[in-house]
Amino acid sequence: MPAAIDADDLRKSYGDVQALDGLSFTVDAGEFFGLLGPNGAGKTTFINTLVGLARIDSGRAEVFGFDVREEYREVRDRIGLAPQEFNVDRFFPIREVLEHKAGYHGFSPEEASARAMDALETVGIAEKADTRFDWLSGGMKRRFMLARALVSDPDLLILDEPTAGVDVQLRRDLWSVIERLNEAGTTILLTTHYIEEAEQLCDRVAIVDQGRKVEVATPDELTDRGTDTIEVGLADPPRTAPELTHEDIVDARLADGRLVVTARGGGAVIPALVRDLDRAGHEVTDVDVRRASLEEVFVDMTRQEGAVQQ
Ligand SMILES: Nc1ncnc2c1ncn2[C@@H]1O[C@H](COP(=O)(O)OP(=O)(O)OP(=O)(O)O)[C@@H](O)[C@H]1O
Ligand SMILES: [Mg+2]
């Protein structure tokens, strides 16, 4: 089975702005894949090149083996997109908007009508079927965007910040809808600024910055690269931090009578740390570890790339 997305050395500029600067990565069929990056990193531009809303200057991208430029129709029929910005016919009942979209993807009027109601039920706004988009609440609009992406029964669902600005309850509702779709075989590409969302949902994430890929890994692998904080209580705290030589220890200092150690792979360092302290005559009363969050690792990685843009 070909990859859901295979992008190779994509470049796209808007005037002086190099929105995509040699972006390459692969999303496997069936994967739940996250695209993370600061504002302006090129995430939406990348999505737009896949669905034919932006022309690539050079490079190549395929969706399930179909070239996004040469085989545009095949690509379009396999993708359901919930875009970052609302772009909806505001004046028609939402049921009709969905029927029209399903029709456009080749479903008969009866099928289109059934699919439209199914999609509205899936996202929990079936009772609003005859309301126009304008009259939905903000959260319902987000739900509707997901319904519209689903109505064509896509193999690849692309969600560009699907939960931006929605409340916690709705976010969790949307997560469970998306997770169910993924379990049923739909490949998901999700962009988000909620690191918690990526951590919870994604099999792998790509971090992009300035139109380039910085890293691809599982959320766990990424958090493993961060430094953890180990706080050690000592029965009789010394005035200065004891000398610690373990190679994974980055820093050790005393704060409010507790020893605060920064280390790579924190948990693994603890036995050696306690032993060294014991040998030096310190009595350890308690140990507390705080793991690096994906967010901290992400901020570190994109800052190293010099991405802080105004
Ligand atoms: N149609 C356009 N015309 C001109 N410049 C554009 C256009 N679309 C995007 N850009 C520029 O390309 C760069 C990448 O933008 P893009 O929307 O892809 O970022 P993003 O990663 O989706 O950011 P965000 O997290 O803010 O949504 C930005 O500098 C943006 O201003
Ligand atoms: Mg965007």
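Residues numbered from 1 in each chain as written. Chains lettered and ligands numbered in written order. Predicted model: local features only at pLDDT ≥ 70, side-chain atom pairs only at ≥ 80, totals over all residues.

Asker: Would you mind showing me how to read the sheet that holds strand β5 (residues 66-67) here?
Answerer: Adjacent strands of a sheet form backbone hydrogen bonds with each other and so pair up, either parallel or antiparallel. Strand order in the open sheet made by the 4 strands is β2-β1-β4-β5, with antiparallel pairing throughout. The outermost strands of the open sheet, each flanked by one partner alone, are β2 (17-27) and β5. The sheet contact formed by strand β1 (residues 5-14) and strand β4 (residues 58-63) spans 5 bridges and is antiparallel. Among the inter-strand pairings, Ile 5 is bridged to a residue of β4, identified as Val 63. The sheet strands contacting helix α1 (residues 43-51) are β1, β2 and β4, and the helix crosses β1 at an angle near 110°. (Pairing = 2+ DSSP bridges. Helix = DSSP H or I, 4+ residues; strand = E, 2+ residues; numbered from the N terminus. Contact = placed C-beta atoms within 7 Å. Axes fitted to C-alpha atoms, helices over the stretch in contact; angles between N-to-C directions.)

Asker: Help me understand the site of ligand 1, please; the structure alone is not making it clear to me.
Answerer: Near ligand 1, the surroundings consist of Tyr 14, Val 17, Ala 19, Gly 37, Asn 39, Gly 40, Ala 41, Gly 42, Lys 43, Thr 44, Thr 45 and Gln 84. Among the elements of the structure, β2 and α1 are those that each provide at least two residues to the shell around ligand 1. Per-element tally for the shell around ligand 1: the top contributor is α1, with 3 residues. Split into classes, the residues belonging to the shell around ligand 1 amount to 4 nonpolar, 7 polar and 1 charged. (Near = placed C-beta within 6 Å. Nonpolar A, V, L, I, M, F, W, Y, C, P; charged D, E, K, R; others polar.)

Asker: Could you clarify how one ought to interpret the pairing of β4 in this entry?
Answerer: Two faces belong to every sheet, and in a regular strand the side chains alternate between them. Relative to β5, β4 is paired through 2 bridges, and the arrangement is antiparallel. When the bridges of β5 are listed, Val 63 appears paired with Phe 66. Once β4 ends, the chain turns through 2 residues before running back antiparallel as β5, passing Phe 64 with a positive phi of about 50°.

Asker: Please clarify how the sheet that holds strand β11 (residues 227-234) should be interpreted in this entry.
Answerer: Taken in spatial order, the 4 strands of this open sheet run β12-β13-β11-β14, and their pairing is antiparallel. The open sheet terminates on both sides in strands that have one partner only, identified here as β12 (249-255) and β14 (284-290). For this sheet, the mean inter-axis angle between neighbouring strands, taken without regard to orientation, is 20°. The sheet contact formed by β11 and strand β13 (residues 258-264) spans 7 bridges and is antiparallel. Residue pairing for β13: Thr 229 is matched across the bridge by Thr 262.

Asker: Explain the pairing of strand β9 (residues 204-209) here, please?
Answerer: For β9, the tally of buried residues reaches 5 of 6 residues, placing the bulk of the element in the interior. The sheet contact formed by strand β3 (residues 32-36) and β9 spans 4 bridges and is parallel. In the strand pairing of β9, Phe 33 is matched with Arg 204. Pairing between β9 and strand β10 (residues 212-217): 5 bridges, direction antiparallel. Bridging across to β10, Ile 207 finds its partner in Glu 215. Counted between consecutive antiparallel strands, the loop separating β9 from β10 contains 2 residues, among which Gln 210 sits at a positive phi close to 50°. (Buried ≥ 20, exposed ≤ 12 C-beta atoms within 10 Å, placed from the backbone.)

Asker: Can you walk me through the domain arrangement of the protein chain in this structure?
Answerer: Interfaces are often sized by the amount of accessible area the parts lose when they come together. By the assigned domains, the protein chain splits into domain 1 (5-222) and domain 2 (227-291). A straight line from the C-alpha centre of domain 1 to that of domain 2 covers 45 Å. (Domains from an automatic or database assignment.)

Asker: What am I meant to see in the packing of helix α3 (residues 94-104) against helix α4 (residues 109-122) here?
Answerer: When two helices pack together, their arrangement is given by the angle between the helix axes and by the axis-to-axis distance. In the contact formed by α3 and α4, the axes pass within 8 Å of each other and the chain directions differ by 130°. Comparing the axis directions of α3 and α4 gives the class oblique. Regarding α3 and α4, the two cross each other, and that crossing is right-handed. Between α3, through Arg 95, Leu 98, Glu 99, Ala 102 and Gly 103, and α4, the contact on the second element is made entirely by Pro 109, Glu 111, Ala 112, Ser 113, Arg 115, Ala 116, Met 117, Ala 119 and Leu 120. (Parallel < 35°, antiparallel > 145°, perpendicular 65-115°, else oblique. Left-handed = near helix turned anticlockwise from the far one by under 90°.)

Asker: Explain the nonpolar core to me, please; I cannot follow it from the model alone.
Answerer: Proteins that are soluble and globular tend to have nonpolar side chains buried together. Counting 64 residues, the largest nonpolar core has Ala 147 and Leu 189 as its most contacted members. Looking at which element gives the most residues to this core, the answer is helix α5 (residues 138-150), with 6 residues. When residues no more than four places from it in sequence are discounted, the contact partners of Leu 189 are Ile 5, Val 27, Phe 33, Leu 35, Leu 156 and Ile 158. Core analysis: the next-biggest nonpolar cluster, separate from the first, contains 7 residues, Val 232, Val 261, Ala 263 and Leu 273 among them. (Core = buried A, V, L, I, M, F, W, Y, C linked by C-beta atoms within 7 Å.)

Asker: When you look at unusual backbone geometry in this model, what are you seeing that I'm missing?
Answerer: Residues other than glycine predominantly adopt negative phi, and peptide bonds predominantly adopt the trans conformation. Even without glycine at this site, Phe 64 takes up a positive phi of about 50°. Note on placement: Phe 64 falls in the loop between β4 and β5. Since 19 C-beta atoms lie within 10 Å of it, Phe 64 is described here as partly exposed. Positive phi values are uncommon outside glycine, yet Asp 256 reaches one of about 50°.

Asker: Just to check I follow, could you spell out the environment of Ala 272 for this structure?
Answerer: Looking at the element boundaries, Ala 272 is found in helix α9 (residues 266-279). With 27 residues separating them in the primary sequence, Ala 272 and Thr 245 have C-alpha atoms 9.8 Å apart.

Asker: Help me understand the environment of Gly 80 in this model?
Answerer: For Gly 80, the location among the structural elements is in strand β6 (residues 79-82). Ignoring sequence-local partners within four residues, the contact set of Gly 80 consists of Ala 149, Leu 150, Ser 152, Pro 154 and Leu 157.

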